[in-house]
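# Structural overview
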Amino acid sequence: MEKKEMYICLFLSLTCLCILPGYDSEECVTSVLAKRSCVDVPQGGTLSLSCVVQHCGDGWTGGWGLSTEGQFLLFSPTPRHHLSKVTLTTNSTRLLMDILNVNQSDHGMYQCQITWVKGYTSVGHMTYVNITAAIPTTSVRKVYSRVVVYVSSCLVITLVLGLAYHIRSKVPSQPPPIPPPKPPPRSQSARKDQPPTPKPKSKIELVYAALSKDCLEQQNPNPQRKAAQLTVYSSPRFS
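Here's what I pulled together on the structure shown here. As the structure is a computational prediction, the values presented were derived from the model and not from experiment.

The rules behind these values
Residues numbered from 1 in each chain as written. Predicted model: local features only at pLDDT ≥ 70, side-chain atom pairs only at ≥ 80, totals over all residues. Heavy atoms only, no water. Disulfide = S-S within 2.5 Å. Helix = DSSP H or I, 4+ residues; strand = E, 2+ residues; numbered from the N terminus. Buried < 20%, exposed > 50% of the residue type's maximum accessible area, 1.4 Å probe, protein only. Pairing = 2+ DSSP bridges. Axes fitted to C-alpha atoms, helices over the stretch in contact; angles between N-to-C directions. Polar contact = N/O pair within 3.5 Å; in protein donor to acceptor, adjacent residues only side chain to side chain. Contact = heavy atoms within 4.5 Å. Patch = residues over 30% accessible without salt bridge, like charges linked within 9 Å, V, L, I, M, F, W, Y side chains within 5 Å. Areas by Shrake-Rupley, 256 points an atom, 1.4 Å probe, with all protein chains shown as cover. Salt bridge = Lys/Arg side-chain N within 4 Å of Asp/Glu carboxyl O. Core = buried A, V, L, I, M, F, W, Y, C linked by side-chain atoms within 4.5 Å. Phe/Tyr/Trp six-rings, centres within 6.5 Å; stacked < 30°, edge-to-face > 60°.

## Things to note about the state of the cysteines
One pass over the structure, following the stated rule, counts two disulfides. Across the disulfide from Cys 28 sits Cys 56; the S-S distance is 1.6 Å. Because the sign of the S-S torsion sets the handedness, a value of about -100° for the bond joining Cys 28 and Cys 56 places this disulfide among the left-handed ones. Of the two residues, Cys 28 is situated in the loop between helix H1 (2-27) and strand E1 (31-33) and Cys 56 in the loop between strand E3 (47-54) and strand E4 (60-68); the sequence distance between them amounts to 28 residues. On the accessibility criterion, Cys 56 (18% relative accessible area) is buried. Disulfide partner of Cys 51: Cys 112, at an S-S distance of 1.9 Å. In this structure the cystine formed by Cys 51 and Cys 112 twists about its S-S bond by roughly -90°; its chirality is therefore left-handed. Pair noted here: Cys 51 is in strand E3 and Cys 112 is in strand E8 (residues 108-116), with a separation of 61 residues, a long-range link. Of the two residues examined, Cys 51 and Cys 112, each falls in the buried class. Counting its disulfide-bonded cysteines in sequence order, the protein shows a connectivity of 1-3, 2-4.

Next comes the structure, spelled out in structure tokens:
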């Protein structure tokens, strides 16, 4: 019974070893991964392209090239064309290409083309490269000068504010002026006890008039009658 179980375990182990390699090979599919895109590069600039080759451990050759009129021109390293490879995993590799100092002759359709050991070829999606006019140096200098002026002005303002704050912190602050004390409010009871203020009396004016004898005679037309009414008193004298 023990030998039978041992044979069964050995059979299962061999079956797993036979199935697993086939399973791994079905999961990995050779292909070229690249996005379809359109790139604008100014004349005199640098063009950077990349694609991923999923080789699954198989041998392969190829790389980036230019497709023109149905022909594929594979690039090789030159002073302007820099080619490199970066290993991502055991089954994939990234291909990089940098073109320095591009000009109008560099525009066109670029793609990765890989030839496998088995003889067939795989290509990635195309990238259209458009070469635009070069950026003038004067505009770059203008932008640079504006940035320098802006940064310098910010620094000057910051220094002035800091100096003003430093000077102000050294000056002793003066206490605010003390207002004069307000009289205490009078209560209603005090107001009732206080006698009312007397009203000022009107002044009596004296009027003096000078009357003459003629004026009196004019007012009395009968002087004789007035004289008769006078009473004369006499006083005796003794010697």
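## Here's the deal with the sheet that holds strand E7 (residues 92-99)
Taken together, four strands build an open sheet; the order of strands is E1-E3-E7-E6 and the sheet is antiparallel. Single-partner strands in this sheet number two, and they are E1 and strand E6 (81-89). Pairs of neighbouring strands in the sheet enclose a mean axial angle of 25°, with direction left out of account. Sheet topology note: the E1/E3 ladder contains three bridges and is antiparallel. Paired with Ser 31 across the strands is Gln 54, a residue of E3.

## A closer look at the side chain of Thr 93
With respect to the helices, strands and loops of the structure, Thr 93 is situated in strand E7. One polar contact links Thr 93 to His 55, side chain to side chain, over a distance of 3.2 Å. Residues within four places of Thr 93 in sequence aside, it is in contact with Cys 51, Val 52, Val 53, His 55, Trp 60, Lys 85, Val 86, Thr 87 and Leu 88.

## Description of a nonpolar patch on the surface
A surface patch of nonpolar side chains, about 500 Å² in accessible area, is lined by Val 143, Val 147, Tyr 150, Val 151 and Leu 155. For Val 143, the location among the structural elements is in helix H2 (residues 137-170).

## Re the nonpolar core
Counting 21 residues, the largest nonpolar core has Leu 47, Trp 64, Leu 95, Met 97, Tyr 110 and Ile 114 as its most contacted members. For this core, the secondary structure elements donating two or more residues are E3, E4, E7, E8 and strand E10 (127-132).

## Remarks on the side chain of Asp 106
In this structure, Asp 106 sits in the loop between E7 and E8. In this structure the side chain of Asp 106 is engaged in a polar contact, spanning 2.5 Å, whose partner is the side chain of Arg 80.

## Concerning the packing of aromatic side chains
Applying the stated criterion across every chain yields a total of two aromatic pairs. Relative to Tyr 110, the ring of Phe 75 lies with its centre 5.8 Å away and its plane at 15°, an arrangement referred to as stacked. Residue Phe 75 is found in the loop between strand E5 (71-74) and E6, and its partner Tyr 110 is found in strand E8; the two are separated by 35 residues along the sequence. With relative accessibility at 18%, the residue Phe 75 sits in the buried group. An angle of 40° between the planes, with centres 6.3 Å apart, marks the rings of Trp 116 and Tyr 120 as tilted. Its relative accessible area of 5% is what places Trp 116 among the buried residues.

## Concerning unusual backbone geometry
In most cases, non-glycine residues show a negative phi, while peptide bonds are predominantly trans. The backbone of Cys 56 sits at a positive phi, close to 60°, despite the residue not being glycine. Positive phi, normally seen in glycine, also occurs at Asn 101, with a value near 50°. Among the structural elements, Asn 101 can be located in the loop between E7 and E8.

## Observations concerning the pairing of E6
Note that E6 and E7 share eight bridges and pair antiparallel. Bridge pairing links Ser 84 to Leu 96 in E7.

## Quick look at the environment of Ser 105
Its place among the elements puts Ser 105 in the loop between E7 and E8. Within the structure, Ser 105 has its side chain in polar contact with the side chain of Asn 103 (distance 2.3 Å).

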